Amino acid sequence: MAGLVLHNYFRSSASVRVRVALNLKGLDYTYAAHHLRHGEHRSEAYRAVNPHALVPALELADGTVLTQSLAIMEYLDEVFAEPPLLPTEPGARARVRAIAQAIACDTHPLTNLRVLGDLRTRFGADDAAVKDWIHHWVKETFGPLETMLTGDSATGTFCHGEQPGMADVCLFAQMFNNQRFGVDMAPYPTIRRIFAAAARLPAFDKAAPENQPDAE
Ligand SMILES: N[C@@H](CCC(=O)N[C@@H](CS)C(=O)NCC(=O)O)C(=O)O
């Protein structure tokens, strides 16, 4: 599809998700960077693109703007069937979505920039308290996720079988946050193994924060 513009930021894990999905589908896009630490996503110009003032947002050739990384991934999967990001069997689809949502809905929002900012400004949290908060909430999901992945024969090289999908995309993206925040990943060998398998694939590696034009 010609004329795709991805509004994003190199370090944003929700942006990583959409970059991987676009790469897996073999879609080219224009990279529009919005520096989150400089507050560029809160500008009037960007709010005209996404009133939520969050990245990513995917602008289609006809000007339609898609927001929410999970919704964007589902859109891409519906319009560009190959390779699929979800399996075909309903139970398997629910499993993959559950893993993806455990990360994207239960973990990531609690460690988002604006939440951490609020902890500091409205609730007086210092660096140590913020770090403790992040580690706590990652652990809340990654512990059960490790159990879930390790104890299920549906888990293969990737979260679900031998092909990477939406769950792997979310896991891969969150791992960069975990690394940046100094989360100890030793208790999660299966998650680390899946991350390593994904990182070996060009579509994932190309989407990693350090490989973006705005990387610092
Ligand atoms: N649920 C949204 C989350 C989007 C989101 O929170 N993006 C972060 C970067 S990963 C952001 O823009 N943060 C800006 C802020 O917190 O001010 C999605 O999956 O797209």
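Residues numbered from 1 in each chain as written. Predicted model: local features only at pLDDT ≥ 70, side-chain atom pairs only at ≥ 80, totals over all residues. Heavy atoms only, no water.

## Describing the pattern of salt bridges
Applying the stated criterion across every chain, the model contains 5 salt bridges. Note that Asp-77 is salt-bridged to Lys-25, the shortest N-O span being 2.6 Å. Highlighted residues: Asp-77 in helix α3 (residues 69-79) and Lys-25 in the loop between α1 (13-24) and β2 (30-33), separated in sequence by 52 residues. Residue Lys-25 is classed as buried on the basis of its relative accessible area of 9%. One salt bridge in this structure joins Arg-122 and Asp-118, with 3.1 Å as the shortest N-O distance. For Arg-122, a relative accessible area of 59% puts it in the exposed group. (Salt bridge = Lys/Arg side-chain N within 4 Å of Asp/Glu carboxyl O. Helix = DSSP H or I, 4+ residues; strand = E, 2+ residues; numbered from the N terminus. Buried < 20%, exposed > 50% of the residue type's maximum accessible area, 1.4 Å probe, protein only.)

## Considering the environment of Glu-210
Position of Glu-210 relative to the elements: it lies in the segment after α9 (202-205). A C-alpha to C-alpha distance of 30 Å links Glu-210 and Pro-87, two positions 123 residues apart in sequence. Setting aside its immediate chain neighbours within four residues, Glu-210 contacts Phe-176 and Ala-215. (Contact = heavy atoms within 4.5 Å.)

## Examining the sheet that holds strand β4 (residues 65-67)
Adjacent strands of a sheet form backbone hydrogen bonds with each other and so pair up, either parallel or antiparallel. The sheet built from 4 strands is open, its strands ordered β2-β1-β3-β4 with mixed pairing. Since the sheet does not close on itself, it has two edges, and those belong to β2 and β4, each with one partner. When strand polarity is set aside, the average angle formed by the axes of neighbouring strands in this sheet is 20 degrees. Helix-sheet contacts for α1 involve β1 (5-8), β2 and β3 (57-59), and the interaxial angle to β1 is about 155 degrees. Of the strands in this sheet, β3 and β4 are in contact with α3, which crosses β4 at around 120 degrees. (Pairing = 2+ DSSP bridges. Axes fitted to C-alpha atoms, helices over the stretch in contact; angles between N-to-C directions.)

## As for the pairing of β1
Direction of pairing for β1 relative to β2: parallel, over a ladder of 4 bridges. If you follow Leu-6 over to β2, its bridge partner there is Tyr-31. With 3 bridges joining them, β1 and β3 adopt antiparallel strand pairing. By the bridge assignment, Leu-6 is partnered in β3 with Leu-58.

## A closer look at the site of the ligand
Taken together, 16 residues sit near the ligand, with His-41, Val-55, Gln-68, Ser-69 and Asn-112 positioned nearest. In this structure, Arg-114 approaches the ligand through a main-chain N or O atom, which is 2.8 Å from an oxygen atom. Contact with the protein chains removes 91% of the 510 Å² of surface that the ligand exposes when unbound. Taking a 2 Å distance to the grid points as the criterion, the majority of the atoms of the ligand fall inside the largest pocket. Counting only elements with at least two residues in the shell around the ligand, the list comes to α1 and α5 (113-121). Examining the composition of the shell around the ligand, we find that 3 residues originate from one element, α1, more than from any other. Of the residues contributing to the shell around the ligand, the split by class is 6 nonpolar, 7 polar and 3 charged. (Near = heavy atom within 4 Å. Polar contact = N/O pair within 3.5 Å; in protein donor to acceptor, adjacent residues only side chain to side chain. Areas by Shrake-Rupley, 256 points an atom, 1.4 Å probe, with all protein chains shown as cover. 1 Å grid on protein atoms, 1.4 Å probe; cavity = no way out; pocket = protein on both sides within 12 Å on 5 of 7 lines; lining within 4 Å. Sits in = over half its atoms within 2 Å of the grid points. Nonpolar A, V, L, I, M, F, W, Y, C, P; charged D, E, K, R; others polar.)

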